[in-house]
Amino acid sequence: MRYFVGNWKMFGVPKSINIVNKINAFVNLDKKYNKKYKAIITPPFTLLETFSKALKNKRVLIGAQNCFYKEKFSSDTGAISPYMIKKLGAKYVIIGHSDNRAEGDNDSILKKKVTFALKNKINVIFCIGENKTQKNKKFTNKVLKKQLSNVLEKKFNKGNIIIAYEPIWSIGTGKIPKISELSKTIFFIKKSLKKIFKRNNSIKVLYGGSVDSTNIQQFNSIKILDGFLIGGASKTSKKFIDIIKNYYR
Ligand code: PEP
C-alpha cells in the first residue's frame, strides 16, 4: 500500500474543495485505488470540517497538519487539540514537520503530541529529517535515529504510526536525494524502528521533499518506500493526480 499525502500548509479557502473533489473523482475511477494506494489531503485547520463533510463516504481522506500537545480542552489561546481535529473528521495528523520544529516543537512536546493523537485514534504522520549541515557532516543516520528514539515508544500503537522522512534541504528547493542514498536511508529508518518496537514491524515510511510529477517515477525503484508527503505539488488537482499517474506508469 502506497500513500500519497498532500500537505497544503497555509493554503486554501472553502472553495478549494473543488481541488479535492477533482482528486476524489480521479481516485474513484482508478482501479488501483484501495488496493495499491491511498490519497490523503491535509488542509489547514480552517478547512477540515468543510472538506471532511463534503468528502464523506468518498475516497480521499482528510488529515490535519498539526495539533496541540494536550488531549482535549484547555486554556491555551489559539491551540487546537487532537480531540478537536478528530471531531472535524481528521483521520491523520502530521506531527514534527520541520516548519514546526523550527518554531519550537522539541522532542518532549512532540512526544506529547504523538501520545494524545494516538489516544484519540488519529493516525500520526511523524516527520523526521536532517538539515544540510548535518547531511554534509554525514550525521544523517545519527540525527534520524535520535529523532525517532527520543519520541517514539514501544508502547505506542505502531499500527497508527507512519514516518515521513523529509530532509530539510530538500523541502521546497527542487532538490531530491540520490535514489541510492535515499534507499539506504529508508532501510536505516526501518531498521531503527524495529529496534524501538523490539520486533518486526510494518510501520510505513514515506519520503517528502520536492516530489513532483517529473521526478516521481524514479522513486518507484525503491520498493521499501511506502509513499510520499507532497507539499507544493499537492495544491493543484492536476499536479497531484499526475504524481500518482506517473508513479505507476
Ligand atoms: C513539505 O513541506 O512537507 C514538503 C514535502 O514540501 P515540498 O514538496 O514543497 O518540498
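Residues numbered from 1 in each chain as written. Predicted model: local features only at pLDDT ≥ 70, side-chain atom pairs only at ≥ 80, totals over all residues. Heavy atoms only, no water.

Here we take up helix α7 (residues 140–149). Taken together, the buried positions of α7 are occupied by Thr 140, Val 143, Leu 144, Gln 147 and Leu 148. Burial along α7 is one-sided: seen end-on, the buried residues are contained in an arc of 130°. Exposed and oriented more than 90 degrees from the buried face of α7 are Lys 142 and Lys 146. Considering only its buried residues, α7 is in contact with α4 (98–102), β5 (123–128), α6 (132–136), β6 (161–165) and α8 (179–197). (Buried < 20%, exposed > 50% of the residue type's maximum accessible area, 1.4 Å probe, protein only. Helix = DSSP H or I, 4+ residues; strand = E, 2+ residues; numbered from the N terminus. Arc of directions from axis to C-beta. Contact = heavy atoms within 4.5 Å.)

Turning our attention to the sheet that holds β6. Pairing within the closed barrel is parallel, and its eight strands lie in the order β1-β2-β3-β4-β5-β6-β7-β8. Ignoring which end each strand starts from, the neighbouring axes of this sheet average 25° apart. Sheet analysis places β5 next to β6, joined by five bridges and oriented parallel. Following the sheet pairing, Ile 128 is matched in β6 by Tyr 165. Running at roughly 175° to strand β2 (residues 37–42), helix α1 (residues 17–29) makes contact with β2 and β3 (61–64) of the sheet. (Pairing = 2+ DSSP bridges. Axes fitted to C-alpha atoms, helices over the stretch in contact; angles between N-to-C directions.)

Glancing now at the packing of aromatic side chains. This model, assessed by the stated rule, comprises 15 aromatic pairs. Members of the aromatic cluster, each reached through a chain of ring pairs, are Phe 4, Tyr 33, Tyr 37, Tyr 165, Tyr 207, Phe 219, Phe 228, Tyr 247 and Tyr 248. Lys 72 extends its terminal NZ or CZ atom over the ring of Tyr 83, reaching a point 4.6 Å from the ring centre. Sitting over the face of the ring of Phe 139, Lys 142 holds its NZ or CZ atom 4.9 Å from the ring centroid. (Phe/Tyr/Trp six-rings, centres within 6.5 Å; stacked < 30°, edge-to-face > 60°. Lys NZ or Arg CZ within 6 Å of the ring centre and 35° of its normal.)

Applying the stated criterion across every chain, the model contains one cavity of 30 Å³ or more. Of the voids in this model, the largest cavity is the one considered here, and its volume is about 40 Å³. As for the largest cavity, its lining consists of Gly 96, His 97, Ser 98, Arg 101, Cys 127, Ile 128, Gly 129, Gln 147, Glu 166 and Ile 168. Mapped by element, the contributors of at least two residues to the lining of the largest cavity are α4 and β5. Grouping the amino acids of the lining of the largest cavity by side-chain chemistry returns three nonpolar, five polar and two charged. (1 Å grid on protein atoms, 1.4 Å probe; cavity = no way out; pocket = protein on both sides within 12 Å on 5 of 7 lines; lining within 4 Å. Points joined across faces, edges and corners; volume = space filled by probe spheres on them. Nonpolar A, V, L, I, M, F, W, Y, C, P; charged D, E, K, R; others polar.)

A few words now on the nonpolar core. The tendency in soluble globular proteins is for nonpolar side chains to be buried side by side. Residues Phe 4, Phe 126, Leu 152, Ile 163 and Phe 228 are the most contacted members of the largest nonpolar core, which totals 63 residues. If you tally residues by element for this core, the top one is α8, at seven residues. Residues within four places of Phe 126 in sequence aside, it is in contact with Ile 95, Arg 101, Leu 110, Val 114, Gln 147, Leu 148, Val 151, Leu 152, Ile 162, Ile 163 and Ala 164. Judged by nonpolar contacts, the second largest core, of 11 residues, contains Ile 40, Ile 94, Ile 162 and Ala 164. (Core = buried A, V, L, I, M, F, W, Y, C linked by side-chain atoms within 4.5 Å.)

Taken together, the side chains of Lys 72, Lys 86, Lys 87, Lys 91 and Lys 121 define a basic patch exposed on the protein surface. With respect to the secondary-structure elements, Lys 72 resides in the loop between β3 and α3 (82–87). (Patch = residues over 30% accessible without salt bridge, like charges linked within 9 Å, V, L, I, M, F, W, Y side chains within 5 Å. Areas by Shrake-Rupley, 256 points an atom, 1.4 Å probe, with all protein chains shown as cover. Salt bridge = Lys/Arg side-chain N within 4 Å of Asp/Glu carboxyl O. Lys, Arg positive; Asp, Glu negative; His and termini not counted. Charge placed at Lys NZ, Arg CZ, Asp CG, Glu CD.)

In the vicinity of the ligand there are 13 residues, among which Lys 9, Glu 166, Gly 172, Ser 210 and Gly 231 approach most closely. In the model, an oxygen atom of the ligand is placed 2.7 Å from a nitrogen or oxygen of the Gly 172 main chain. Here an oxygen atom of the ligand and a backbone polar atom of Ser 210 are 2.7 Å apart. In isolation the ligand offers 290 Å² of accessible surface; the protein chains occlude 95% of this area. Within the shell around the ligand, the residues separate by chemical class into three nonpolar, eight polar and two charged. (Near = heavy atom within 4 Å. Polar contact = N/O pair within 3.5 Å; in protein donor to acceptor, adjacent residues only side chain to side chain.)

This part takes up the packing of α1 against helix α10 (residues 237–247). Closest axis-to-axis distance for the α1/α10 pair is 9 Å, and the angle between their directions is 25°. In terms of axis orientation, α1 runs roughly parallel to α10. When you trace α1 past α10, the crossing you get is right-handed. Where α1 approaches α10, its residues Ile 19, Lys 22, Ile 23 and Phe 26 are matched on the opposing element by Ser 237, Phe 240, Ile 241, Ile 244 and Lys 245. Grouping the amino acids of the contact of α1 with α10 by side-chain chemistry returns six nonpolar, one polar and two charged. (Parallel < 35°, antiparallel > 145°, perpendicular 65-115°, else oblique. Left-handed = near helix turned anticlockwise from the far one by under 90°.)

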